[in-house]
Amino acid sequence: MSYVSFSLKYRPQRFEHVVGQEHVSRTLMNAVRTGRIHHAYLFSGPRGTGKTSTARVLAKALNCVNGPTPEPCGVCEFCQAVQNGRAMDVIEIDAASNRGIDEIRELREKVKYSPAEARCKVYILDEVHMLTTEAFNALLKTLEEPPAHSFFVLATTESHRVPATILSRCQRFDFRPIPVAKAAEALAMIAREEGIEAEPAALEAIARAGEGAMRDAESIFDQVVAYTEGAVTLEVVNTVLGVTEAETLAEVADLMVGENVPDGFALVDRVVSAGKDVAQLMADLTLYLRDLLRISLNSEPSAWRLSGDEGRERMVAQARALGPDRLLEAVRVLATAQNELRSSNQPALLLELTVTRLCQAPEAAPAPRRPAQVSQARPQAATPGPAGQPLHAAPPRHQPRPMPPIQPISQGEVSLQALQEHWGDVQGELKRMGKMPVTAIIKEAIPISYADGVVVLGFSDRHAFHCNQVRDKYKADVEMALQRLFGQAITIDCRLGEVLPQAPAPDQPVQAPPVATEPAPVETAEAPPDVYEQEYAPDPTEPQVNQAAEQICSPEPAEAPPPPTLDQAVANTLMLFEGSQEIDGDE
Ligand SMILES: [Zn+2]
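For every chain, the first residue of the written sequence is number 1, and numbering continues from 1 onward in sequence order. It should be noted that, the model being predicted, local features are given only for residues of pLDDT at least 70 and side-chain atom pairs only at 80 or more, the latter also being counted only at that level, while totals for whole chains, interfaces and linings use all residues.

Some remarks on the packing of helix 10 (residues 214-227) against helix 11 (residues 234-241)
Packed helix pairs are characterised by how far apart their axes lie and by the angle those axes make with each other. Under this scheme, a helix contributes an axis fitted over its contacting stretch, all axes are lines through C-alpha atoms, and angles between N-to-C directions fall in the 0 to 180 degree range. Each helix is a run of H or I in the DSSP string that is no shorter than four residues. Each strand is a run of E no shorter than two, and both are numbered from the N terminus. It is at 10 Å that the axes of helix 10 and helix 11 come closest, and there the two elements cross at 110°. Comparing the axis directions of helix 10 and helix 11 gives the class roughly perpendicular. Contacts from Gln-223, Val-224 and Tyr-227 of helix 10 reach helix 11 at Val-236, Val-237 and Val-240. In this classification, the charged set is Asp, Glu, Lys and Arg, the nonpolar set is Ala, Val, Leu, Ile, Met, Phe, Trp, Tyr, Cys and Pro, and all remaining amino acids, among them Gly, are polar. Of the residues contributing to the contact of helix 10 with helix 11, the split by class is five nonpolar, one polar and no charged. Each angle is binned into one of four classes, with values under 35 degrees roughly parallel, values over 145 roughly antiparallel, values of 65 to 115 roughly perpendicular, and all other values oblique. Contact between two residues is assigned whenever their backbone-derived C-beta positions fall within 7 Å.

Encoded structure:
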């Protein structure tokens, strides 16, 4: 007997066999059972999700000798005819290649005639969105007055291209991408039927590669089975798919957490000498980090690539340790690298540079920077700051640098003047906390009043975006930075359109002790020299050094105005963030 592919051999013959579309199957079975069958259905959804299969099962359900029945027998003459594609009264039309008015006119003529052998005629129009406008108009006439013996199933992957007039004539069903677990379960059933030994992890990897389409998953399974003599293992599947092992991807994330560049080189050497495809590795790594990004934003990843509870915990720990800002940046770095890869003839070098950038400390990425010296100057001995401890849920192989503690600017009463004068330090502190996006945003805020532990931050009307971002997303971060700097809890209150003249006026009513009026680092007298303080503390000779904190990597002198595109860049970064969350919503 000739070889039959799994997708044909295991094509659903009953409603309950259609994988992952229970919401459709249940409704259709009820409709058949109660005799309330519509004359026109629209099946919308991605390819390979069971639209045509369901339409054929519906045809059987209507025409089975036992029918109409929600459970067609599968053995009667008519069920067999549909199964073998010989049923004269089940007419499948590929609208992509029959999209003109003539074909639909012909259909209209034939619809009138009674079925040749079955109880009713079922027309299945695949890719119906491909029809021309005239053809749609002709079809509409038929759908408006369908003969009693005719039923239509319009299938489409792009329902938005189907005219509203047609949609309003149809009962619509949305077919969903098949969840990995469901697809893997269906593959396991095939494996049992075929007597194929297969690892669950291998089937899960195949299901994932099917990307929501059962048909694709089945084809890949076909390929894998053809490739291997023995059992279907994850290793075999990865070889056939050319996929990077999840372990390698997780290793890169671990190196990022540990900021371990040397081992990054070793990993690249290993991967390249194993003959892995650099483009594939970058694509897989992008997906992996994107999943970590989702986890860090409390969203479900597209896949838990590491198997078992242990694997999940490892991904969660990585996501938590890296945080959304760094992961977002990593995904951007990879996206750029993938672009460059197309025109590069040195993929291995590009991979090395990319992995180096990913594994570098975030603030070190653009250029070698001083904070590296901070940790050398103040090793582990120092007690971590209040924001220091909860970051790392799993012990990374290389201990990341702890956030060096800082000397609060003022231990005494906080004043408006102190807040205004040290506003640049707040930016510096946020940067140091790794909160890059908010660093540039907070620059547009001006402390305009302070009382009872609450500072009112004014934003000009031009900076509504900034104001909302701080209020809705970054309030806790800014308050943490204030607490670290001023040594006490300070709440912020963001107001749009309320701004005072920018420069902090020294002669303004002072409600504060004189401690902060002197811009020079007053505490150096009583505190031991602190490397960080020296870096960020205001210096009378360079009054803008802190405002320039976010430009610290640029060699420009501090008086250079901030680049005008910075805000835009930050806004774009945040848009990307929102975008990634919207994607979650869609799925
Ligand atoms: Zn039957």
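Thoughts on helix 16 (residues 347-359)
Between its terminal C-alpha atoms helix 16 stretches 18 Å, which fits the 18 Å expected from 13 residues at 1.5 Å a residue. Partly exposed residues are those whose C-beta has more than 12 but fewer than 20 other C-beta atoms within 10 Å; with 20 or more the residue is buried, with 12 or fewer it is exposed, and the C-beta atoms are placed from the backbone. Within helix 16, burial applies to Leu-351, Thr-354, Val-355, Arg-357, Leu-358 and Cys-359. Of the surrounding elements, those touching the buried residues of helix 16 are helix 12 (246-258), helix 13 (261-273), helix 14 (278-296) and helix 15 (308-342). What a helix should span is 1.5 Å times the count of its residues minus one.

Examining the nonpolar core
Val-122, Val-153, Ala-183, Leu-187 and Ile-206 are the most contacted members of the largest nonpolar core, which has 74 residues in total. Taken domain by domain, the makeup of this core includes at least three residues from each of domain 1 (6-174) and domain 2 (180-241). Setting aside its immediate chain neighbours within four residues, Leu-187 contacts Leu-203, Ile-206, Ala-207, Ala-217 and Phe-221. With 35 residues, the next largest nonpolar core counts Leu-249, Ala-317, Ala-330 and Leu-358 among its residues. Throughout this description, the term nonpolar core refers to a group of buried Ala, Val, Leu, Ile, Met, Phe, Trp, Tyr and Cys residues whose C-beta atoms join them within 7 Å. Start and end positions for the domains come from either an automated domain assignment or a database one.

Focus: the confidence of the model for the protein chain
Put simply, the protein chain has an average pLDDT of 78, and 76% of its residues get 70 or more. Low confidence marks residues 577-587, where pLDDT is under 50. Its contacts with residues over four positions away, or in another chain, come to six contacts. In predicted models, pLDDT denotes the confidence assigned by the predictor to each residue on a 0 to 100 scale.

Some remarks on the environment of Glu-199
One can find Glu-199 in the loop between helix 8 (180-194) and helix 9 (200-209). Along the sequence, Glu-199 and Leu-234 sit 35 residues apart, while their C-alpha atoms lie 6.9 Å from each other. Every residue in contact with Glu-199, bar those within four places of it in the chain, is listed here: Val-232, Thr-233 and Leu-234.

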